[in-house]
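Structural description and commentary
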Amino acid sequence: MFDRLWPLPRSLTGDGVRATHAALGELMPLERLELASDTPVLDWMVPQEWKVREAFVVSPDGTRILDFHSNNLHLVGYSEPFQGRLTRSELDEHLYSLEDRPSAIPYVTSYYRPRWGFCLSHEQRVSLPPGEYEVVVNTELEPGSMTISECLLPGTSSQEVLISSYTCHPSLANNELSGPILAAFLYRRLARLSQRRLTFRFVLAPETVGAIAYLHLRGDW
């Protein structure tokens, strides 16, 4: 399950999230909720849906680098569209790396601030030569929906245990897939019990806005 889910391009919204929920739905009977963009949820708003067709940089020698399709962490999450040619110093204003972790590609998002950018290891960043770079960020932000899923495992008592996890980060293990995969296999184990005193509610949603949206849907206000 980890191997299937790890490469999917998850974010707050999009087909990568739906594919993730569909796979986890093979382990527990998830009911999917799709909330339309611009729907008010408490004092927040469901965001536009983000779609990535391709995103990459071409170095001065013609080599394609920082390709979204080779590692989806390379593209800053929710990057707006851009296409053009930049000098090395101009490109650097849109690059993100970790000097204290020189071999790691950081995970950067820009959910609520329009911009575009690429993430790369600091080793790669300092090795980029001077010259002109071609940049392609073929993305789209348009009305769509945000995906939330839930399922209920009833017990003899109406008292509930809520188990929730995020499904919005791509290509991360401890900061993403450990949660939903553990929740799914925990569901399977609890479902095998002949009797349960407590009722268990499982919720999968994107971070922050997804939790707020779920409270808006299910909370008593």
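The paragraphs below set out a description of the structure included in this document. (Residues numbered from 1 in each chain as written. Predicted model: local features only at pLDDT ≥ 70, side-chain atom pairs only at ≥ 80, totals over all residues. Heavy atoms only, no water.)

**Some thoughts on the sheet that holds strand β9 (residues 132-142)**
Overall, antiparallel pairing links the 4 strands, which are arranged β5-β4-β9-β6 in an open sheet. Edge strands, defined here as strands with exactly one partner in the open sheet, are β5 (64-65) and β6 (82-87). (Pairing = 2+ DSSP bridges. Helix = DSSP H or I, 4+ residues; strand = E, 2+ residues; numbered from the N terminus.)

**Comments concerning the layout of surface pockets**
Approximately 310 Å³ is the volume attributed to the largest pocket. Of all the secondary-structure elements, those providing two or more residues to the lining of the largest pocket are α2 (15-24) and β4 (49-58). It is β4 that provides the largest number of residues to the lining of the largest pocket, a total of 4 residues. (1 Å grid on protein atoms, 1.4 Å probe; cavity = no way out; pocket = protein on both sides within 12 Å on 5 of 7 lines; lining within 4 Å. Points joined across faces, edges and corners; volume = space filled by probe spheres on them.)

**A short note on the environment of Leu120**
Residue position: Leu120 is located in the loop between β8 (118-119) and α4 (122-127). Look at Leu120 and you get buried, because its relative accessible area is 0%. Through-space distance from the C-alpha of Leu120 to that of Leu66 is 7.1 Å; in sequence the pair is 54 residues apart. (Buried < 20%, exposed > 50% of the residue type's maximum accessible area, 1.4 Å probe, protein only.)

**Let's talk about the environment of Tyr187**
Relative to the assigned elements, Tyr187 resides in helix α5 (residues 173-191). What makes Tyr187 buried here is its relative accessible area of 10%. Considering only alpha carbons, one finds Tyr187 and Pro29, 158 residues apart in sequence, at a separation of 9.5 Å. In this structure, Tyr187 is in contact with Leu27, Met28, Pro29, Cys151, Leu153 and Phe202, ignoring residues within four places of it in sequence. (Contact = heavy atoms within 4.5 Å.)

**What to know about the pattern of salt bridges**
For the coordinates displayed, the defined rule picks out 13 salt bridges. Of the charged contacts in the structure, one is a salt bridge between Lys51 and Glu142, with a shortest N-O distance of 3.0 Å. Pair noted here: Lys51 is in strand β4 and Glu142 is in strand β9, with a separation of 91 residues, a long-range link. The class of Glu142 is partly exposed, set by a relative accessible area of 23%. (Salt bridge = Lys/Arg side-chain N within 4 Å of Asp/Glu carboxyl O.)

**Some words on the packing of aromatic side chains**
The description of an aromatic ring pair uses the distance of the two centres, along with the angle that the planes make with each other. Under the criterion given, the structure shown has 7 aromatic pairs. Taking the centre distance of 5.9 Å and the plane angle of 70° together, the rings of Tyr111 and Tyr112 count as edge-to-face. Look at Tyr111 and you get buried, because its relative accessible area is 12%. An angle of 75° between the planes, with centres 6.2 Å apart, marks the rings of Trp116 and Phe118 as edge-to-face. This pair shows no difference in class: Trp116 is buried, exactly as Phe118 is. Taken together, Trp44, Trp50, Tyr78, Tyr111 and Tyr112 form an aromatic cluster joined through their ring pairs. Cation over ring: Arg64 sits above Phe56, and NZ or CZ is 3.5 Å from the ring centre. (Phe/Tyr/Trp six-rings, centres within 6.5 Å; stacked < 30°, edge-to-face > 60°. Lys NZ or Arg CZ within 6 Å of the ring centre and 35° of its normal.)

**Side note on the side chain of Ser165**
One can find Ser165 in strand β11 (residues 160-166). Judged by relative accessible area, Ser165 falls into the buried class, the value being 14%. Setting aside residues up to four positions removed in sequence, Ser165 forms contacts with Gly179, Pro180, Val203, Leu204 and Ala205.

**Section: empty space enclosed by the protein**
Under the definition given, this model contains 1 cavity of 30 Å³ or more. Estimates place the volume of the largest cavity at around 80 Å³. If you trace the largest cavity, you find it lined by Pro9, Arg10, Ser11, Trp50, Phe68, Asn72, Leu75, Gly77, Tyr107, Thr109, Tyr111 and Pro170. In the lining of the largest cavity, the residues fall into 7 nonpolar, 4 polar and 1 charged. (Nonpolar A, V, L, I, M, F, W, Y, C, P; charged D, E, K, R; others polar.)

**Here we look at the environment of Tyr78**
Mapping Tyr78 onto the fold places it in the loop between β5 and β6. For Tyr78, a relative accessible area of 4% puts it in the buried group. When the C-alpha atoms of Tyr78 and Thr109 are compared, they prove to be 6.4 Å apart, with 31 residues separating the residues in sequence. Discounting residues that sit within four places of it in the chain, Tyr78 has contacts with Ser11, Leu12, Thr13, Pro47, Gln48, Glu49, Trp50, Ser110, Tyr111, Arg115 and Leu141. A distance of 2.7 Å separates a polar side-chain atom of Tyr78 from the backbone oxygen of Gln48. (Polar contact = N/O pair within 3.5 Å; in protein donor to acceptor, adjacent residues only side chain to side chain.)

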